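Okay, here's what each chain looks like letter by letter:
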Amino acid sequence: MVSRSTPPSPKRPVGTVTRGTTNPNRLRRMDRWIAAAHGAALRRADAPVAVDLGYGAAPWTAVELLARLREAAPRVRVVGIEIEPARVAGAKPYEREGLSFRHGGFEVPLEGGERPALIRAANVLRQYDEEQVAEVWQRLCARLAPGGLLVEGTCDEIGRRHVWVALGPEGARTVTFATRLGSLERPSDLAERLPKALIHRNVPGEPVHAFLRDFDRAWAAAAPYASYGARQRWIRTARALAVDWPLADGPARWRQGELTVRWEALRPAG
């Protein structure tokens, strides 16, 4: 029989350990977009907390997230959450004002049950099954503060190519494609970085496949603009895509090598 004085066992974090691959500056494109898209909401919040969920074997992404978000919202705090205890212990020396690290998973354990204004989960769901994504999204969105944002996506090892989904408490809102334009041969090269919810849907009959097909066609048609630089070619491509696809951004973001489309246009058909 367990004594009444015996403390309860701590709950096991929800999720599994990722590979932990990380590099400095890897998530710069996502961070830049978050600051632009969500900076005003973070500034309005009384005590905004941003979570870097699954930051990996080194804490660089959390350190950089704090620096980038504070340019848009000086009062924001960042909490890095990792399911692997050794990674949390290794990150502790990097704690500072506004930056801390905690052991946990998709339950997003914050002090006093605090609810974050932002959860960023980059390269976390890559190893999960597609069927698990909706449940994870729902769990994470339920942890958001009112007006909060979840950003979940995948990038390559040095952050040249990145695709992410932005979600609010109500669910998915948009999908953003971001790239270093000088390294891009065709937009469909980004297909290998589609988030888990979409990567297996890049087949005929699925909306994301049709979108990437049209993206490539518009890019090819805009080839004459390449003489003015890859940025001008990308902007021309985006203008052509906007005729048939519900883009959620405009030239200011296109100039950054980004393009954002409404989730409902790419939602899996099945």
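Residues numbered from 1 in each chain as written. Predicted model: local features only at pLDDT ≥ 70, side-chain atom pairs only at ≥ 80, totals over all residues. Heavy atoms only, no water.

A few words now on the sheet that holds strand 6 (residues 161–168). Strand order in the open sheet formed by eight strands is 3-2-1-4-5-6-7-8, and the pairing between neighbours is mixed. Two strands lie at the open edges of the sheet, namely strand 3 (99–103) and strand 8 (258–262), each paired on one side alone. Strand-to-strand twist across the sheet, computed as the mean angle between neighbouring axes with direction ignored, equals 20°. Of the pairings in the sheet, the one linking strand 4 (residues 118–122) to strand 5 (residues 149–155) comprises five bridges and is parallel in character. Bridged to Ala-121 within strand 5 is Glu-152. Each of strand 7 (171–179) and strand 8 touches helix 7 (residues 230–241); the most contacted strand, strand 8, lies at about 10° to it. (Pairing = 2+ DSSP bridges. Helix = DSSP H or I, 4+ residues; strand = E, 2+ residues; numbered from the N terminus. Axes fitted to C-alpha atoms, helices over the stretch in contact; angles between N-to-C directions. Contact = heavy atoms within 4.5 Å.)

Take the pattern of salt bridges next. Note that side chains of opposite charge can pair when their charged atoms are close. Throughout the structure, instances matching the rule amount to 22 salt bridges. Note that Glu-64 and Arg-68 form a salt bridge whose closest N and O atoms lie 3.6 Å from each other. Placement of the pair is Glu-64 and Arg-68 together in helix 2 (residues 60–72), with a separation of four residues, close to one helical turn. On the basis of relative accessible area, Glu-64 is assigned to the buried category, the value being 15%. Overlapping salt bridges, with partners in common, bring together Asp-31, Asp-52, Glu-64, Arg-68 and Arg-120 in one network. (Salt bridge = Lys/Arg side-chain N within 4 Å of Asp/Glu carboxyl O. Buried < 20%, exposed > 50% of the residue type's maximum accessible area, 1.4 Å probe, protein only.)

Here we take up helix 4 (residues 130–143). Inspection of helix 4 places Glu-130, Val-133, Val-136, Trp-137, Leu-140, Cys-141 and Arg-143 among the buried residues, and these make up the whole buried set. In a view along the axis of helix 4, the buried residues occupy a sector of 145°, so they form one face of it. Across helix 4 from its buried face, at more than 90 degrees, point the exposed residues Glu-131, Ala-134, Glu-135, Gln-138 and Ala-142. (Arc of directions from axis to C-beta.)

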